[in-house]
Amino acid sequence: MRILSGSALPNIPWEDKPADCKEAIWRFTGNPIIGRDGNKRSNSVFNSAVVPFGDGFAGVFRCDSRSISMDLFAGFSKDGYHWEIQDDPIQFIGADKEIAPREYRYDARITLLEGKYYITWCNGYHGPTIGVAWTEDFKTFHQLENAFLPFNRNGVLFPRKVNGMYMMLSRPSDNGHTPFGDIYLSQSKDLEFWGRHRFVFSTIKSDYSAWQSTKVGPGPAPIETDEGWLLIYHGVLTTCNGFVYRVGTALLDIDEPWKVKYRSKDYLMAPWELYECVGDVPNVVFPCAALTDKDTGRIAIYYGCADTVTGLAFTTVDELVRFTKEHSV
Ligand code: BMA
């Protein structure tokens, strides 16, 4: 199985799978890689996105402040493990004055598309919607129109046009801690006007695959493979103690990515480690970024842990594709 998107990334953060590990995804032994005090005023650093940049890496980080305001901060790393996150939030420029004022910003994804890094995030505008911006240097961020009406979360762009259209996955929601949520795909000719909305997949309302029975939402930018678009997503179960967030995968058709070829019945990753089970919101693993190395098929996943700290985990295209096909719903 081969990764077709992106390029070779010989410096991808990496640890081999431990000999006794039975999982398709294994955690970095030094987790969490970013603690809750990742910048000057942070209460927590989680649900963040990173990409290769220059001879290292850059990212857009969700840092909730000590007044508990949610905002996005640029960060840089030489090795993908050690991050310098700026103390001041990103100032987006160029937005129409109607949508420019900041309400809140969180849970960014980054997609390298036609030579620019596009940031999509949950953007407050009379309720949560999907903000869109681009940067070339992680210094100046140009904000475009919000993609959708409120309420929506978890917008993520595909890394190329498909059939001449830009494509975005998202999860329409409500104005609170949404107790529902299915994944949809929307299309655009210009990254401003979005339409041709297509249903992708929903929750599974039975104990057949209960970990994804309350809501599902797209995670990192889809990875193009020779078996289809590989989507890493989160699935949520409602328990008597609140929501539990786990990780699943799906393979979407290359030319019609709203068509699901395979989708994991069993989760691939769940809150098992203490830093995932204990924090400001317990029992959350929430993937927002995946680095890929085209040459080796290696994948490094960055994920939020218990809405408090940031973790790193490893897998390969072979592991994810095989698991998704062998454990498909
Ligand atoms: C979701 C989002 C995420 C968060 C998760 C668990 O609705 O707000 O940012 O990680 O809830 O609290």
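Residues numbered from 1 in each chain as written. Predicted model: local features only at pLDDT ≥ 70, side-chain atom pairs only at ≥ 80, totals over all residues. Heavy atoms only, no water.

Undergrad: Where do I start with the sheet that holds strand S5 (residues 84-85) in this structure?
TA: Two strands in a sheet stick together by hydrogen bonds in their backbones, pointing the same way (parallel) or opposite ways (antiparallel). Read across the open sheet, the four strands follow the order S2-S3-S4-S5; overall the sheet is antiparallel. At either end of the open sheet lies a strand with only one pairing partner, and these are strand S2 (42-53) and S5. Examined bridge by bridge, strand S3 (residues 56-65) and strand S4 (residues 70-77) share eight bridges and lie antiparallel to one another. Within S4, the position partnered with Asp64 by the bridge is Met70. (Pairing = 2+ DSSP bridges. Helix = DSSP H or I, 4+ residues; strand = E, 2+ residues; numbered from the N terminus.)

Undergrad: Explain the packing of aromatic side chains here, please?
TA: Any two aromatic rings considered together are summarised by their centre-to-centre distance and by the angle between their planes. The full count for this structure, using the stated rule, is 23 aromatic pairs. A cation sits over an aromatic face here: Lys116 above Trp134, 4.0 Å from the ring centre. The ring of Trp258 is capped by Arg198, whose NZ or CZ atom sits 5.7 Å from the centre of that ring. (Phe/Tyr/Trp six-rings, centres within 6.5 Å; stacked < 30°, edge-to-face > 60°. Lys NZ or Arg CZ within 6 Å of the ring centre and 35° of its normal.)

Undergrad: Explain the sheet that holds strand S6 (residues 92-93) here, please?
TA: A sheet is described by the order of its strands in space; here five strands give the open sequence S6-S10-S9-S8-S7, paired in mixed fashion. Edge positions in the sheet fall to S6 and strand S7 (105-113), since each has one partner strand and no second.

Undergrad: Just to check I follow, could you spell out the side chain of Ser77 for this structure?
TA: Among the secondary structure elements, Ser77 is positioned in strand S4. Leave out the neighbours within four places in its chain, and Ser77 touches Gly56, Phe57, His82 and Trp83. (Contact = heavy atoms within 4.5 Å.)

Undergrad: Looking at this structure, I do not really get the nonpolar core. What am I missing?
TA: Side chains of a nonpolar character, in soluble globular proteins, are inclined to be buried together. Judged by nonpolar contacts, the single largest core of 39 residues is most densely connected at Val60, Trp83 and Tyr302. The element contributing the most residues to this core is S3, with five residues. Setting aside chain neighbours within four positions, we find Val60 in contact with Ser48, Ala49, Leu72, Phe73, Ile90, Ala108, Ile110, Ile119, Phe138 and Phe141. In terms of nonpolar packing, the next biggest core, distinct from the first, is built from 22 residues, Leu230, Leu251, Ile299 and Val321 among them. (Core = buried A, V, L, I, M, F, W, Y, C linked by side-chain atoms within 4.5 Å. Buried < 20%, exposed > 50% of the residue type's maximum accessible area, 1.4 Å probe, protein only.)

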